[in-house]
Amino acid sequence: MLFDVEHNSFWHPAWSPRPAETSDALQVARSELATVPQLVPIYSHRYLPGTAGECGHPVLSVHQTDIIIYGNDLSDYVRHEFTGRASRLPAHATVGFWSYFVNGGPGIDVTAPTPHTPYAVSAHEAIEYLRMLALERLIGRQHHPHQLIEAGLTALVLGVETESLPLLAGLSRTEHESADALFDQVLAELPLSEGLPGDDTDIPWEAARWELVRWWLRLIANGSLAPGAGGDVITYQGWGALARPQSLQPLVDEVDA
C-alpha cells in the first residue's frame, strides 16, 4: 500500500489531507496503517484480516491496493485455491478498512472536481451555487472550466446580473483558460467574495468545510451527486480534514459499508 502511496498517488479518503511532499505523505500513511486491522498471511498473496476473538472473515487476495475477496471464509478459500471450486454464495467484506478496497476502492479521485450536476432553478439557488463553487476553491478543490462556465450560464438564464457574467457564460472551448479569472470577477461583482468564511481556527478552513459538508449532503439528497462519490468526498474533505468529528461518524461508516 505504501508503494501505491509513493508511486501511484493513492490516498485513502478517511486519512487527513495528503501532504504535498511524498516523504511526509508516507509518514502519515504509515501512522494510519498502524491503526487498521492487520492482515495475517495464509498462502502466497492471500491474507485473512486479523481481528481478535472474531471468525468468519473472507480471505483477501492482495496486490498493493488491488484487493479482492478470494474466499467467503477460510474453508471456502481452501476449496477455491486448491480445487478451483469457489462458493456460489455472495461474498461480503466484513472488516471496515479493507472493505473499502473490496467494494471498489476509491470510486472517484477525491482530489478531482466534485462530479455533480447543477441544480439551480431560481436566481437565489444560482447565486448559492456560485458561492459553493467558491467555497470549494477556497479549501483547494479544483473545477473544470466548463463547470464554472455552466454555473455562469445558469445564473445568467435565471436573471442574475453582473457585468462579467455574460462574458463567463459565453466562453468558447478555445477560451477556457479565462474561466477562472472571469469567475473571480463575478464573485467580486455579486459580491460573494466578501462573505466567504475565514481561515481562523486550528483546522484549515473549518467553517468553509462544514458549510460544504452540508451542501454536498444536499446534493446527494436532491440527486445532483451520486451517494458513493459524495460519500467519498465528504469522508476525505469533511470527516478526515475536520479531525474526524463524531457527528459524521455514522455517515462515514455507511460509506465504508
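Refer to the structure presented above.
Here's a quick rundown of the structure.

So, how was this worked out
Residues numbered from 1 in each chain as written. Predicted model: local features only at pLDDT ≥ 70, side-chain atom pairs only at ≥ 80, totals over all residues. Heavy atoms only, no water. Core = buried A, V, L, I, M, F, W, Y, C linked by side-chain atoms within 4.5 Å. Buried < 20%, exposed > 50% of the residue type's maximum accessible area, 1.4 Å probe, protein only. Helix = DSSP H or I, 4+ residues; strand = E, 2+ residues; numbered from the N terminus. Contact = heavy atoms within 4.5 Å. Pairing = 2+ DSSP bridges.

Focus: the nonpolar core
Residues L130, L168, F183, L212, W215 and W216 are the most contacted members of the largest nonpolar core, which totals 40 residues. Going through the elements one at a time, helix 5 (123-138), helix 6 (145-157), helix 7 (165-169), helix 8 (179-189), helix 9 (206-221) and helix 10 (227-240) are the ones with two or more residues in this core. For this core, the leading source of residues is helix 5, giving seven residues. Apart from residues no more than four positions distant in its own chain, L168 is found in contact with L148, I149, G152, A179, L182, F183 and V186. One finds W11, L33, Y100 and F101 within the second-largest nonpolar core, a separate group that totals 20 residues.

Considerations on unusual backbone geometry
Cis geometry is adopted by the peptide bond preceding P191, which originates at L190 and carries an omega value of -15°. Secondary-structure assignment places P191 in the loop between helix 8 and helix 9. The phi dihedral of W205 falls on the positive side, at around 55°, and the residue is not glycine. One can find W205 in the loop between helix 8 and helix 9. You will see that A243, though not glycine, has its phi angle at about 65°, which is positive. Looking at the secondary structure, you find A243 in the loop between helix 10 and helix 11 (249-256). Since its relative accessible area comes to 57%, A243 is described here as exposed.

Concerning the pairing of strand 3 (residues 59-63)
Of all five residues in strand 3, four are buried; the element is thus mostly enclosed. When strand 2 (residues 46-49) meets strand 3, the two strands line up antiparallel, connected through two bridges. Within strand 3, the residue paired with Y47 across the bridge is L60. Relative to strand 4 (residues 66-71), strand 3 runs antiparallel, the two being bridged by five bridges. Bridge assignment links V59 to a residue of strand 4, and that residue is G71.

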